[in-house]
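Chain by chain, the residues:
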Amino acid sequence: MGNGSGVTAGSGFGSVSTPRKVSGGLVILVGVVFIVVTLINNLFAVGPAFEEMITDFRPLLAEESLNTARADIAVLDAAGQEFQTAVAPGMAQALGMTPEEFAGMVQSEYPAVAQGMEALPEITATFSGLIDTLDSQRALFESADAIPSDDLPATTVPWIITISGLLAIAAGVMLFMPGRVWAILAVVLGAALLITTFALNLPQKAADADELNENLTPIYTQELIDGAEGSLAVIAAMGEEMQTRMLPDLAAALGMSSDELNAFMGQNFPATAAAMQSMSESLERFEGFVGIFAVNLDNYETIQPVSFTPIIWMMVIGGILIVLAGGYCIIVK
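Reading the values: rules and limits
Residues numbered from 1 in each chain as written. Predicted model: local features only at pLDDT ≥ 70, side-chain atom pairs only at ≥ 80, totals over all residues. Heavy atoms only, no water. Phe/Tyr/Trp six-rings, centres within 6.5 Å; stacked < 30°, edge-to-face > 60°. Helix = DSSP H or I, 4+ residues; strand = E, 2+ residues; numbered from the N terminus. Buried < 20%, exposed > 50% of the residue type's maximum accessible area, 1.4 Å probe, protein only. Salt bridge = Lys/Arg side-chain N within 4 Å of Asp/Glu carboxyl O. Core = buried A, V, L, I, M, F, W, Y, C linked by side-chain atoms within 4.5 Å. Contact = heavy atoms within 4.5 Å.

**Here's the deal with the packing of aromatic side chains**
So, point 1. Taken as a whole and assessed by the stated rule, the structure comprises ten aromatic pairs.
So, point 2. Summarising the aromatic geometry, the rings of Phe 57 and Phe 293 are spaced 5.0 Å apart at their centres and angled 75 degrees between planes, so their arrangement reads as edge-to-face. Here the residue Phe 57 occupies a position in helix H2 (residues 43–60), and Phe 293 occupies one in helix H12 (residues 270–295), the gap between them amounting to 236 residues.
So, point 3. Phe 57 sits in the buried class, given a relative accessible area of 6%.
So, point 4. Members of the aromatic cluster, connected to one another through ring pairs, are Phe 57, Tyr 220, Phe 289, Phe 293 and Tyr 300.

**As for the pattern of salt bridges**
So, point 1. What the rule picks out here adds up to seven salt bridges.
So, point 2. A salt bridge links Asp 132 to Arg 70; its shortest N-O distance comes to 3.2 Å. Within this pair, whereas Asp 132 is found in helix H5 (residues 111–136), its partner Arg 70 is found in helix H3 (residues 63–94), the two being separated by 62 residues in sequence.
So, point 3. Of the charged contacts in the structure, one is a salt bridge between Asp 72 and Arg 285, with a shortest N-O distance of 2.8 Å.

**Details of the nonpolar core**
Generally speaking, soluble globular proteins have nonpolar side chains that are buried together.
So, point 1. Phe 57, Phe 102, Tyr 220, Met 246 and Phe 293 are the most contacted members of the largest nonpolar core, which totals 88 residues.
So, point 2. With eleven residues, the top contributor of residues to this core is helix H10 (residues 222–253).
So, point 3. Once you skip the residues sitting within four places of it in the chain, Phe 57 turns out to touch Phe 141, Tyr 220, Ile 292, Phe 293 and Asn 296.

**Let's talk about the environment of Gly 291**
So, point 1. Following the sequence through the fold, Gly 291 ends up in helix H12.
So, point 2. By relative accessible area, Gly 291 is classed as partly exposed at 25%.
So, point 3. When the C-alpha positions of Gly 291 and Ile 225 are compared, they lie 8.4 Å apart, and in sequence the two are 66 residues distant.

Here you go:
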């Protein structure tokens, strides 16, 4: 006798075996974890912040840019050394002063020049160290720059994970249905996750991004930006005062025209003359350099708490579980 209220074989969820229900539940859980991890890690904010920051820093970390920055620093450093060892004694002699008298005159009449020359060794050492640090991170930066690929921006990552999660939830629900079709589709989904993750080399890229993040943490701070901006202000004030007041005054004291003084400086103090000639352009480049750090500090603070490696391995483990659950449902009725 038939039971009108029963569920016939193959008519719905009621005919599905417990192992298939467990498999379906596992796949649903994987999908939920994908979505929860995306939200907990704020990836919809992290992705755009990462992309904006990496785009701004890309030209800064180009080899040509770093070499130009090193050359600018070398010119300033050479000028600072020459001022102490040659300019001050030479000008003192030309003016009939002792070196101490000349130093006192500079201190009292040209305080910005005195402050700049005193600070220049520390400033050039600080900037040189920063350039060296960035140069040492170029390989990690280039790897992280390719997340998820050279053709796809980082803003796609949270969407990829979220959509994968939604598909996993749908696949898990379908595993409650009798038959092998949905199980095969679940296996395809899991395999696609695994193949894509490793084809794009995401585990290595994520590890490189995390290492880059860790290496930048001690230096990428508001304190660094404030210090760099203060240093540039000191150099700018020094250059302006030297150009507009000190050198004209020295030319008048020595009975030289401006052109004669420039020729005298170029012949006797070439490093200082070169620095004065290139200072405006050098400062502009350094201001752009520091400006990129400043405008991206909020982006970095958004990215900094997130570790990408666990997220990528979550996707790998999730893909494996989906493949195993789907494969099991293929062979189990």
